[in-house]
Amino acid sequence: MDIAEKKMDSAPDSALYILENINDKTIHDQKLRARLSLLKTMATDKNFIDTTDLDILQPALDYFLAKGTPEERKLTLYYEGRIFQNQKDEAKAMTSFIKALETKSGDGDLLLTAKILSAQNAIFYSQYKIDQYILNSLKIAQIYSSLNNRALQMKWISNSLDAEIMRGNRKVADSLANICTNLLKDNKEGIEFFYPTYLSYIVEYGTPEKVSNFLEDKPEMNISKDLLFNLTRAYSKIGDNAKALKTIEKN
């Protein structure tokens, strides 16, 4: 189990293989069974296997929620929520995520807190709860700011900016765009997160001339679906229908 846990982030497929070859019937200690259960659930999730079977996590739920450390309870509740999310039961998933966030476990699990808030945001977005979505996005951005991860900080501020553009809240959108623009000066790695949303912002509030100038300075970067969509809108706004059509055909 120790080897699998060490490989969890760098080689999750190897971690899952190791864990699946441990016979849990030979483990009689409840805490060890709970640990194996939680690690299997983590490895399954990290391999992008959307399991809907709560049985995989049940030993961890039975033991850690009653006798585990705050960190173990919080992690177990998060993965319970992820399984409910896979089951499309958003109400139960949200309950698990709220319980996880209410579990105080110190500052050492900021990344887990960010993951829980992000999982909540998937539900808020699907339910069009934009206020909660923006609030969570800014909380996540603050976490990554405290961890000095400027790229992910910009990602989540950009998500908030995108939502404020959708709401037509120009004043707040201006403020968020300005924050990201300043961060970008010394953190070029955040461009792929920020540029598509900033392009949307320019298209929404800028003049055709400003949009045209902005497009001329487009950096080299991966072309995402969001970027293609916003490029199409940009070319359409400046009246370049040929480029707009060509771009939308790539989407």
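Our subject is the structure listed above.
Worth saying up front: this structure is predicted, and the values here are computed from it rather than measured.

Here the focus is the overall build of the chain. Scanning the chain for helices and strands turns up 14 helices and zero strands. Walking the chain from its N terminus toward its C terminus, one meets helices and strands in the order α-α-α-α-α-α-α-α-α-α-α-α-α-α. Taken across its 251 residues, the chain has 45% of its residues classed as buried. Considering only contacts in the chain between residues 6 or more positions apart, those separated by 24 or more positions represent 56%. For the chain, the exposed surface amounts to about 13,900 Å²; the carbon and sulfur share of it is 50%. One way to put it: in the chain the 34 positive side-chain charges average out to a point 2 Å from where the 35 negative ones average out.

We now examine the side chain of Ser-96. Positionally, Ser-96 belongs in helix α6 (residues 90-102). For Ser-96, a relative accessible area of 3% puts it in the buried group. Every residue in contact with Ser-96, bar those within four places of it in the chain, is listed here: Leu-77, Glu-80, Gly-81 and Phe-84.

So, on to the pattern of salt bridges. By the definition in use, this model includes nine salt bridges. Asp-109 is paired through a salt bridge with Lys-74; the nearest N and O atoms lie 3.0 Å apart. Within this pair, whereas Asp-109 is found in the loop between α6 and α7 (110-126), its partner Lys-74 is found in helix α5 (residues 70-86), the two being separated by 35 residues in sequence. On the basis of relative accessible area, Asp-109 is assigned to the buried category, the value being 10%. Note that Asp-174 is salt-bridged to Arg-170, the shortest N-O span being 2.9 Å. You can see Asp-174 and its partner Arg-170 sitting in helix α10 (residues 170-184), four residues apart, about one turn around the helix. Several salt bridges converge on common partners, so that one network encompasses Asp-2, Glu-5 and Arg-35.

The subject of this paragraph is empty space enclosed by the protein. Under the criterion given, the structure shown has one cavity of 30 Å³ or more. Taken as a whole, the largest cavity spans an internal volume of roughly 40 Å³. For the lining of the largest cavity, the elements supplying multiple residues, two or more each, are α3 (30-46) and α5. No other element matches the four residues that α5 contributes to the lining of the largest cavity. For the lining of the largest cavity, the per-class residue count stands at three nonpolar, three polar and two charged.

Here is what the cut-offs are and how they apply
Residues numbered from 1 in each chain as written. Predicted model: local features only at pLDDT ≥ 70, side-chain atom pairs only at ≥ 80, totals over all residues. Heavy atoms only, no water. Helix = DSSP H or I, 4+ residues; strand = E, 2+ residues; numbered from the N terminus. Buried < 20%, exposed > 50% of the residue type's maximum accessible area, 1.4 Å probe, protein only. Contact = heavy atoms within 4.5 Å. Areas by Shrake-Rupley, 256 points an atom, 1.4 Å probe, with all protein chains shown as cover. Lys, Arg positive; Asp, Glu negative; His and termini not counted. Charge placed at Lys NZ, Arg CZ, Asp CG, Glu CD. Salt bridge = Lys/Arg side-chain N within 4 Å of Asp/Glu carboxyl O. 1 Å grid on protein atoms, 1.4 Å probe; cavity = no way out; pocket = protein on both sides within 12 Å on 5 of 7 lines; lining within 4 Å. Points joined across faces, edges and corners; volume = space filled by probe spheres on them. Nonpolar A, V, L, I, M, F, W, Y, C, P; charged D, E, K, R; others polar.

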